[in-house]
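Next come the chains, spelled out residue by residue.
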Amino acid sequence: MADMLQLYLSFFFVYSIIAIVGPFLQVLLRNSGYSYEQVGVLLGIFEIAGIIGPLVVGRIVDKTGRLKDTVLAATGFTALGLILLVRSGPVWLIILALVITAFFLRSLLPLVDTVATNRFDGNAQKYSYIRAFGTLGFVLFSLVYSAIGRPILTDNSSIVMHALLGCLFFFIPVLSWKEEKFPAKPKTGIKTKRKSFSSNPWFDSAFVIGLIIIAFNRLSMAAVTSFFSLYLVEELNITAISLMNAIGAGSELLFMILAGYLIQKRGVLPVFLLLVSGLGMTVRLLLYARFPTLGGVIVGQMLHSVCFGFFHPAAIQLVARRVKRTHRALGMSMYISLGTGLPTVLGSSLGGFLTEEFGYKVLFESFSAFAMISVVLCLVFWKKMRAPALEEG
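Residues numbered from 1 in each chain as written. Predicted model: local features only at pLDDT ≥ 70, side-chain atom pairs only at ≥ 80, totals over all residues. Heavy atoms only, no water.

Below, the discussion takes up the overall build of the protein. Check the secondary structure of the protein and you find 15 helices and zero strands. A compact globule built from 393 residues should have a C-alpha radius of gyration of about 21 Å, and the protein, at 20 Å, falls within 12% of that. Each principal axis of the C-alpha distribution contributes one length, and for the protein these read about 65 × 45 × 40 Å. Here the protein, with 393 residues, has 58% of them falling under the buried criterion. Restricting the contact set of the protein to residue pairs at least 6 apart, pairs at least 24 apart contribute 85%. As displayed, the protein has an accessible area near 16,500 Å², and 68% of this comes from carbon and sulfur atoms. (Helix = DSSP H or I, 4+ residues; strand = E, 2+ residues; numbered from the N terminus. Rg over C-alpha atoms; globule rule 2.2 N^0.38 Å. Buried < 20%, exposed > 50% of the residue type's maximum accessible area, 1.4 Å probe, protein only. Contact = heavy atoms within 4.5 Å. Areas by Shrake-Rupley, 256 points an atom, 1.4 Å probe, with all protein chains shown as cover.)

Turning to the packing of aromatic side chains, a few remarks are in order. Per the counting criterion, the structure on display carries 24 aromatic pairs. Judged by centre distance (5.4 Å) and plane angle (40°), the ring pair of F13 and F169 falls under tilted. Of the two residues, F13 sits in helix α1 (residues 2-31) while F169 sits in helix α6 (residues 156-174), which places them 156 residues apart along the sequence. Members of the aromatic cluster, each reached through a chain of ring pairs, are Y8, F12, F13, F133, F141, Y145 and F169. (Phe/Tyr/Trp six-rings, centres within 6.5 Å; stacked < 30°, edge-to-face > 60°.)

Mapped onto the fold, S305 is located in helix α11 (residues 304-307). On the basis of relative accessible area, S305 is assigned to the buried category, the value being 7%. If we skip the residues at most four places from it in the chain, S305 touches S251, E252, F255 and F310.

Moving on, we get to a nonpolar patch on the surface. A surface patch of nonpolar side chains, amounting to about 400 Å² of accessible area, comprises L279, M372, V376, V380 and F381. Among the elements that line the nonpolar patch, the one with the most residues is helix α14 (residues 360-380), at three residues. Its relative accessible area of 31% is what places F381 among the partly exposed residues. (Patch = residues over 30% accessible without salt bridge, like charges linked within 9 Å, V, L, I, M, F, W, Y side chains within 5 Å. Salt bridge = Lys/Arg side-chain N within 4 Å of Asp/Glu carboxyl O.)

With their axes 9 Å apart at the nearest point, helix α4 (residues 91-119) and helix α13 (residues 328-358) run at an angle of 135° to one another. As the angle between them shows, α4 and α13 are arranged oblique. As α4 runs across α13, the sense of the crossing is right-handed. Of the residues in α13, those in contact with R106, P110, D113, T114, T117 and N118 of α4 are R328, A329, M332, S333 and I336. Looking at the contact of α4 with α13, its residues break down into four nonpolar, four polar and three charged. (Axes fitted to C-alpha atoms, helices over the stretch in contact; angles between N-to-C directions. Parallel < 35°, antiparallel > 145°, perpendicular 65-115°, else oblique. Left-handed = near helix turned anticlockwise from the far one by under 90°. Nonpolar A, V, L, I, M, F, W, Y, C, P; charged D, E, K, R; others polar.)

On to α4. Here α4 is 29 residues long and its end C-alpha atoms lie 43 Å apart, about the 42 Å a rise of 1.5 Å per residue gives. Burial of α4 is extensive: 23 of the 29 residues sit out of reach of the surface. Positive phi appears at D121, one or two residues downstream of α4, with a value of about 55°. (Expected span 1.5 Å × (residues − 1).)

Okay, the confidence of the model for the protein next. Within the protein, residue pLDDT values average 85, and 93% of them lie at 70 or more. In this model, residues 182-187 is a region of pLDDT below 50 whose contacts with residues beyond four sequence positions or in other chains number three contacts. (pLDDT = per-residue confidence, 0-100.)

This part is about the environment of L232. Looking at where L232 falls in the secondary structure, it is placed in helix α7 (residues 205-235). A sequence separation of 136 residues divides L232 from L96, and the C-alpha atoms of the two residues are 28 Å apart. For L232, the residues in contact, after removing those within four places along its chain, are N237, I238, I241, M244 and V297.

In structure tokens, the structure reads:
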């Protein structure tokens, strides 16, 4: 019971870090005097480091089994990157800070997801409960910060300080985790030949197709993750960034739990939820483009319910169904890095150019096309994505 409480608290507090870094990193960079295009490039660098980090760290965990120690170290290095980020200096220092922060912060999410999916033996409904608790942390911290007017939008030190507070809150419950090491292989003195992937595959073709579908979905989402806060402040003169993000995150809570129920109890496959998410993303982006008002923004944020509330449990279940348990941490890292990080790199760079040259309307309209591509891919590969799971549990 105590172990489960610590895990729930870990999910709750890791998203208190995301509640600051996600919405405010773009604002921090603008405060430092960078143009839209430069912000897009810097966010692209952030995402590249966020791609590499989970892949490297996930592979280390799969080999050593030292998950707790790795999470603690990654949290400490995330804090170091944030501290460097607040210091005004040459662009190389900003890039170094972004790389350190992204490399380790982006590694935390697949690691806590791995702990949960392994603890629950791939049970999507149980996972959805604990992941929804993480969303609750994001929402509550966002609402509290909005109510007290923190962080101060024009003060980079204030932004970073609140992110560091999240790192501390997360670090404490992780200290109470029990380190779960994989059983060591007996030393026989005989060198065993490593089995080739073809004779012992740890993922299947449906996993690759799923990552491509996820990538196009997240490419469309890059317009929101990289430029939504700036859109609020500069296009609509709305400074309540935390409140607007809390509306979006709050709307996903029930839908995330619903997604877990549909997958576990009703046998709904991840591909169906990914399809619904892609349709939701299309409508959401067109709302931002065609209805640049407070009402349009609120309705768009409410669509986060299906855009992410359905999306994330489906993506996690895709990994659980299509990747063997022995490589689960690496599979989760591939989802975060290749399925989410790489598209965001491309989206940040392309989005910065489109915003600089044509404005937010063209940005959101253009990126809605990527969401529709993900929908089409779901339909084209519908039969392939319905194949039996590679491994149970």
